[in-house]
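Descriptive structure summary
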Amino acid sequence: MPNNHLTIAIDGPVASGKTVVGKEVSKILKIRFLDTGIMYRALSVAAINETISPYDEIELSKVAKTIVVEFDSTNNLAKSIKVNGYDVTSSLRNPEVNKLVSTISKIPEIREILVTNQRELSKHHSIIMVGRDIGTNVLKSASHKFYLEASPDIRAQRRFSELNSSSRITLDQVLKDIKHRDTLDSTRSHAPLKKASDATLINTDYLNIEQTVAIILKSIKCR
């Protein structure tokens, strides 16, 4: 594998497999990995902790500018994320955050601030970024672009299997939530979820992680 500067964009809807696949590819290539969604989650944690309304664009924008992602030098993954100087890593997946993040991530001003941050992270280090607008907005000139898709039913089953056995949420509820998130992501006015015209489309309905990773690695090596 050549030691050139790699910028790899992996987009797709929720539970399409982009995060787990992206992490595996980053491990093999020994380059940084960032799930850009954690930045929006970090801001959501701050909004909850600091009692900021999810519609207060001015205050949210101030806080968004303080977000710092720290990477682990051993595995190249984001090891912590701080907002206003305090670590919010352990709270990123809280149920309250899950409910709030879609609302906050729709705000154009917030996306512009965080996208600027994300682009800076790609300037000096090879990196894989996953999200919903990486290939179309964040890294328009990425050296490699991929779009993972899967049917809502398959994605719901995957997400449901990840839930703790004590969770009371049903498969039908998970499917409903996924379809709702798809609608929000694909219809927002600013940087909606869609496949970049130059991205390689990979349907993961009947692919496991290893097979999807192999397709991406083969595509990168062939270019």
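Use the structure listed above.
Residues numbered from 1 in each chain as written. Predicted model: local features only at pLDDT ≥ 70, side-chain atom pairs only at ≥ 80, totals over all residues. Heavy atoms only, no water.

With respect to the overall build of the protein
Selection criterion: Secondary structure elements are taken from DSSP: a helix is a run of H or I of four residues or more, a strand is a run of E of two residues or more, and numbering for both begins at the N terminus. Here the radius of gyration uses the C-alpha set of atoms, whereas the globule reference equals 2.2 Å times the residue count to the power 0.38. Only the protein chains shown count as cover for residues, and the accessible areas themselves come from Shrake-Rupley with a 1.4 Å probe. Only four residue types enter the charge count, namely Lys and Arg as positive and Asp and Glu as negative; His and the chain termini do not. We put the charge of a Lys on NZ, of an Arg on CZ, of an Asp on CG and of a Glu on CD.
The helix and strand tally for the protein stands at 9 helices and 8 strands. For the protein, the C-alpha radius of gyration of 17 Å lies close to 17 Å, the compact-globule estimate for 223 residues. Expressed as lengths along the three principal axes of its C-alpha atoms, the size of the protein is roughly 50 × 40 × 35 Å. Taken as a whole, the protein presents about 11500 Å² of accessible surface, with 50% of it coming from carbon and sulfur. If you average the places of the 32 positive and of the 25 negative side-chain charges in the protein, the two averages end up 4 Å apart.

Considering unusual backbone geometry
What counts here: Each residue is placed in one exposure class: buried if its accessible area under a 1.4 Å probe, protein chains only, is under 20% of its type's maximum, exposed if it is over 50%, and partly exposed if it falls in between.
The backbone phi angle of K30 is positive, close to 60°, even though this residue is not glycine. Inspection of the secondary structure assignment puts K30 in the loop between α1 (18-29) and β2 (32-35). A positive phi angle is found at A191, which is not glycine, with a value near 50°. Here A191 shows up in the loop between α8 (171-187) and β8 (200-203). What makes A191 buried here is its relative accessible area of 15%.

A word on the packing of helix α2 (residues 37-49) against helix α5 (residues 108-123)
For clarity, the cut-off: In this analysis an axis means a line fitted to C-alpha atoms, helices contributing only their contacting stretch, and an angle means the value between N-to-C directions, from 0 to 180 degrees. Oblique is the label for any angle not covered by the other classes, which are roughly parallel (under 35 degrees), roughly antiparallel (over 145) and roughly perpendicular (65 to 115). Take the far helix as your reference; a near helix turned counterclockwise from it by less than a right angle gives a left-handed crossing, and one turned clockwise gives a right-handed crossing. Residue contacts are counted whenever heavy atoms from the two residues lie within 4.5 Å of one another. Three classes are used, and their members are as follows: Ala, Val, Leu, Ile, Met, Phe, Trp, Tyr, Cys and Pro are nonpolar, Asp, Glu, Lys and Arg are charged, and the others, Gly among them, are polar.
It is at 10 Å that the axes of α2 and α5 come closest, and there the two elements cross at 130°. Classified by the interaxial angle, the pair formed by α2 and α5 is oblique. The two elements α2 and α5 meet at a crossing, and its hand is right-handed. For the pair α2 and α5, the contacting residues are M39, Y40 and L43 in the first and I110, R111, L114, V115, N117 and Q118 in the second. Split into classes, the residues belonging to the contact of α2 with α5 amount to 6 nonpolar, 2 polar and 1 charged.

Section: the nonpolar core
Operational definition: Side-chain atoms within 4.5 Å are what join buried Ala, Val, Leu, Ile, Met, Phe, Trp, Tyr and Cys residues into a set we call a nonpolar core.
Core analysis: the largest hydrophobic core is formed by 37 residues, its most contacted members being L34, M39, L43, L60, I81, I110 and M129. Mapped onto this core, the elements with two or more residues apiece are α2, α3 (57-64), β3 (68-71), β4 (78-83), α4 (95-105), α5, β6 (127-131) and α6 (134-138). Apart from the residues within four sequence positions on either side, L43 is in contact with L60, V63, A64, I67, I104 and I110. Residues V21, L29, F146 and I216 belong to the second largest nonpolar core, which totals 17 residues.

Taken by themselves, the reported measurements are silent on function.
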